[in-house]
Amino acid sequence: MHSLKSFSSKERKVGADAVNELAGRLRGDVLQPEEAGYDEARHVWNGMVDKRPALIVQCAHTDDVVTAVHFARANDLLLAVRGGGHNVAGHGTNDGGLVIDLGPMNDVEVDPDARLVRAGGGATIADLDAATQEHGLAVPMGVVSQTGIAGLTLGGGIGWLRNKYGLSCDNLVAAEVVTAEGKVITASAAEKADLLWGLRGGGGNFGIVTEFTFRAHPVGPEVMFVFTLYHGSKIREALRYYRGYCETAPDEVSSFAICGDVPPEEVFPETIHGEPYVLFAACYAGSVEEGQRVLQPLREFDEPMVDFSGPMSYADDVQTILDENYPDGMRYYWKSLYLDSLDDDVIEAIVRQNEARPGALSTVDVWHMGGAVREVGADESAFGGREAPYLLGIEANWEDAADDEANVTWAREAVKAMQPFSGGAEYLNFPGFLEGGEETMQSTFGEKYERLRALKRKYDPNNVFRLNENVKPAS
Ligand code: FAD
C-alpha cells in the first residue's frame, strides 16, 4: 500500500503510521486530500455540497466496513456513510471526518426460484435492475437509476412499482449490518426483528447495511408506460383530472403529475421549449395490453404537447427515463410534504407555489400513494407518513451558484405554505436538509418516534451514525 501523510481533523490529529496501518488492513482503498482520486471520490451528487473529508475508505468487503468503524471511533472522527452518494442533503460526506464509501460493494445475486435478491450496500438501482431483469424480476426502487439502493431503501423507497408491490423498505426481508461497535449482525424476521423494523424507513441510524436481501416480483421485460405532457396553462384542470384518475386507478398503476417548464432539448419540438407543462407519468405493473387500456385515460386529458407513451423496456427505458434530468454536480434543494388530499384548495395552493418557481429546471411534483403502500399497517415498519394519499415534492434544481438563495428560499416558502394541507409528515429521503429537526422527526414518525429512539439507544447509544435524518438516542 502507498504511504500516507498524517492529517488533522477538527477534533484531533491522526498520524501517518495509523493511516498506513489502516491502509494495510483494508481490501479496498483509503484516500486522503491531495492523493490521486481523492477529488473525484469526495464529490457527491449534489453540487451544493462541497466537503473535504480527512479520509475516504472505499470498502471492498464487510471486513473493511468493520475496520473503518473501529478506526473512526478510535480516532474520534466524525463518520459519514455513503451508498450511492445521491442523498440530497449530502449526508454521504463530511468535513474533516471519515467517509465509509460502500460504492465498490455493488454485487447483486438473484435466486429466481425463491424470488430473493441479495445486493451489496453500494449497489445502485441500475445494478439491481440489470441483475433482476435477467430473470424477469424487479424489486420496487426509485425512478432515477443512479440512485443508491441503500439510502433509498432505508428511508422508504418510492418508485414505479409502489402501489402494486410497496415501498423498497417493504420488500426488505433481511440485512447484514455493521453496528456502531463494529460487530456484524443479521436483521430479519427471525433474528433481531426490532432492527429490521427500524431499517424499514428509519434511515441510516442503526448501523451500516453491507448487504440487503429483498423480495422480488415478476415485472417486464416490457411494461406499459405513460409519459404525456400537457400545456401548463391548464394546470388546475389537469390536476383535478389526475385526482379523478387516481381515485379509481387499480394498484397496478403507480404515477405522478409534475409541473415544470419544457427544457430546450432536442427530444422536444422547439416550438414548446420553455412552455409550462403538466406531465402525467405512470407505469402499469402487469401485462402490456391491460396497461394500455388502463393507462389510456392519462393520455386523453387534452391535446398533449407531446406524448412519448407506449410499451417500454422496464430496465432500459422506464427506470432511466428521468436520469438525464438530474446530472451530477448541478445544484439541488428539495423539500416534501405528505398531503391529506388533492382537493380544489390544495390544487389552488399548488398552482401558487408552481407560479413562484424561480427557475425553469425546478418542478412541483404530486405523487399518488395508494395500494400496497397504504395497506401495510402503520406500526409494521418505521416508515412514517404511509397513510397519506399524495406526496408533494418541491424540487429546486438550478445551475448557477448566484441563484442559490432564490431557489432555497422558494423551496422553503413553498413547503411552509402547503403545511395547512398536511398532517406534517415529510418524506425524509427528499429534504435538502432537515430544518425542522426534532419537530419534523416527531411529526413524520408520530407515536413511533419514541420506539425509534429506544432502538437507537440499543444499537447506537453514542449516536456514531448521526449524519442522517437523525434519531436521537433515548436518554
Ligand atoms: P447516500 O448519499 O450514499 O447515502 C444517504 C444516507 O443514507 C447516508 O448518509 C446514510 O445515512 C445512509 N446510508 C447510505 N448507505 C448506507 C448503508 N449501506 N448503510 C446504512 N446507511 C446508509 N427517493 C425515492 O424514494 N424515490 C425516487 O424516485 C427518488 N429519486 C431520486 C432521484 C435523484 C436524482 C436523487 C438524487 C434522489 C432520489 N431519491 C428518491 C431520494 C433518495 O432516496 C435519497 O437521496 C437517498 O438518500 C439516496 O441514497 P444513496 O445511497 O444514493 O445516498
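Our subject in this report is the structure included herewith. (Residues numbered from 1 in each chain as written. Predicted model: local features only at pLDDT ≥ 70, side-chain atom pairs only at ≥ 80, totals over all residues. Heavy atoms only, no water.)

Using the criterion set out here, one finds 23 aromatic pairs in the structure. The interplanar angle of 35° and the centroid separation of 6.2 Å between the aromatic rings of Phe227 and Phe308 together place this pair among those described as tilted. Here the residue Phe227 occupies a position in strand E14 (residues 222-231), and Phe308 occupies one in the loop between strand E17 (306-307) and strand E18 (310-313), the gap between them amounting to 81 residues. Under the relative-accessibility criterion, Phe308 is labelled partly exposed at 31%. Positioned over the ring face of Trp197 is Arg451, at 3.7 Å from the centre of the ring. (Phe/Tyr/Trp six-rings, centres within 6.5 Å; stacked < 30°, edge-to-face > 60°. Helix = DSSP H or I, 4+ residues; strand = E, 2+ residues; numbered from the N terminus. Buried < 20%, exposed > 50% of the residue type's maximum accessible area, 1.4 Å probe, protein only. Lys NZ or Arg CZ within 6 Å of the ring centre and 35° of its normal.)

The side-chain alternation of strand E6 (residues 98-101) yields two buried faces, one formed by Leu98 and Ile100 and the other by Val99 and Asp101. Of the pairings in the sheet, the one linking strand E4 (residues 55-58) to E6 comprises 4 bridges and is parallel in character. If you follow Gln58 over to E6, its bridge partner there is Asp101. (Pairing = 2+ DSSP bridges.)

As a further point, take the layout of surface pockets. Estimates place the volume of the largest pocket at around 600 Å³. If you trace the largest pocket, you find 25 residues lining it, with Pro263, Glu265, Phe268, Leu322 and Asn325 closest to the centre. Of all the elements in the fold, those that place two or more residues in the lining of the largest pocket are E14, strand E15 (253-261), strand E16 (276-284) and strand E21 (390-398). For the lining of the largest pocket, the class distribution of residues is 16 nonpolar, 4 polar and 5 charged. One number sums up the size of the second largest pocket: a volume of about 400 Å³. Together, 18 residues line the second largest pocket, and Glu40, His43, Arg82, Gly84 and Asp101 are the ones closest to its centre. Of the residues in the lining of the second largest pocket, the class split is 4 nonpolar, 10 polar and 4 charged. (1 Å grid on protein atoms, 1.4 Å probe; cavity = no way out; pocket = protein on both sides within 12 Å on 5 of 7 lines; lining within 4 Å. Points joined across faces, edges and corners; volume = space filled by probe spheres on them. Nonpolar A, V, L, I, M, F, W, Y, C, P; charged D, E, K, R; others polar.)

With antiparallel pairing, the 5 strands of this open sheet are ordered in space as E7-E8-E12-E10-E11. Pairing within the sheet leaves two strands with one partner each, and these edge strands are strand E7 (108-111) and strand E11 (184-188). For this sheet, the mean inter-axis angle between neighbouring strands, taken without regard to orientation, is 15°. Where strand E10 (residues 172-178) meets E11, 5 bridges bridge the pair, whose relative direction is antiparallel. From the neighbouring strand, Ala174 faces E11, where its bridge partner is Ser188. Across the face of the sheet, helix H4 (residues 125-133) comes into contact with E7 and strand E8 (116-120) while running at roughly 30° to E7. (Axes fitted to C-alpha atoms, helices over the stretch in contact; angles between N-to-C directions. Contact = heavy atoms within 4.5 Å.)

This part is about the environment of Ala406. Relative to the helices and strands, Ala406 resides in helix H12 (residues 404-418). Distance from Ala406 to Ala396, taken between C-alpha atoms, is 9.4 Å for residues 10 residues apart in sequence.

This next bit is on the nonpolar core. Counting residues in hydrophobic clusters, the biggest one holds 89 residues, and the most contacted among them are Leu229, Tyr242, Phe256, Phe280, Leu295 and Ile350. Take this core: its biggest share by element is 8 residues, from E16. Setting aside anything within four residues of it in sequence, one finds Leu229 in contact with Val262, Phe268, Tyr277, Val278, Leu279, Pro304, Met305 and Val306. The next biggest cluster of nonpolar side chains, apart from the first, holds 37 residues, and it includes Val110, Leu199, Phe206 and Ala216. (Core = buried A, V, L, I, M, F, W, Y, C linked by side-chain atoms within 4.5 Å.)

This part takes up the sheet that holds E6. The 4 strands lie next to each other as E3-E4-E6-E5, forming an open sheet whose pairing is mixed. Looking along the sheet, the strands with just one partner apiece sit at the ends: strand E3 (29-31) and strand E5 (79-82). Ignoring strand direction, the axes of neighbouring strands in this sheet form an average angle of 20°. In this sheet, E4 lies alongside E3 in antiparallel orientation, the contact comprising 3 bridges.

Along its 14 residues, helix H8 (residues 235-248) runs 21 Å from first to last C-alpha, staying within 8% of the 20 Å computed at 1.5 Å per residue. Among all positions of H8, only Ile235, Ala238, Leu239, Tyr242, Arg243, Tyr245 and Cys246 are buried. The buried residues of H8 occupy one face: seen down the axis, they fall within an arc of 165°. Those residues of H8 that are exposed and angled more than 90 degrees off the buried face are Glu247 and Thr248. (Expected span 1.5 Å × (residues − 1). Arc of directions from axis to C-beta.)

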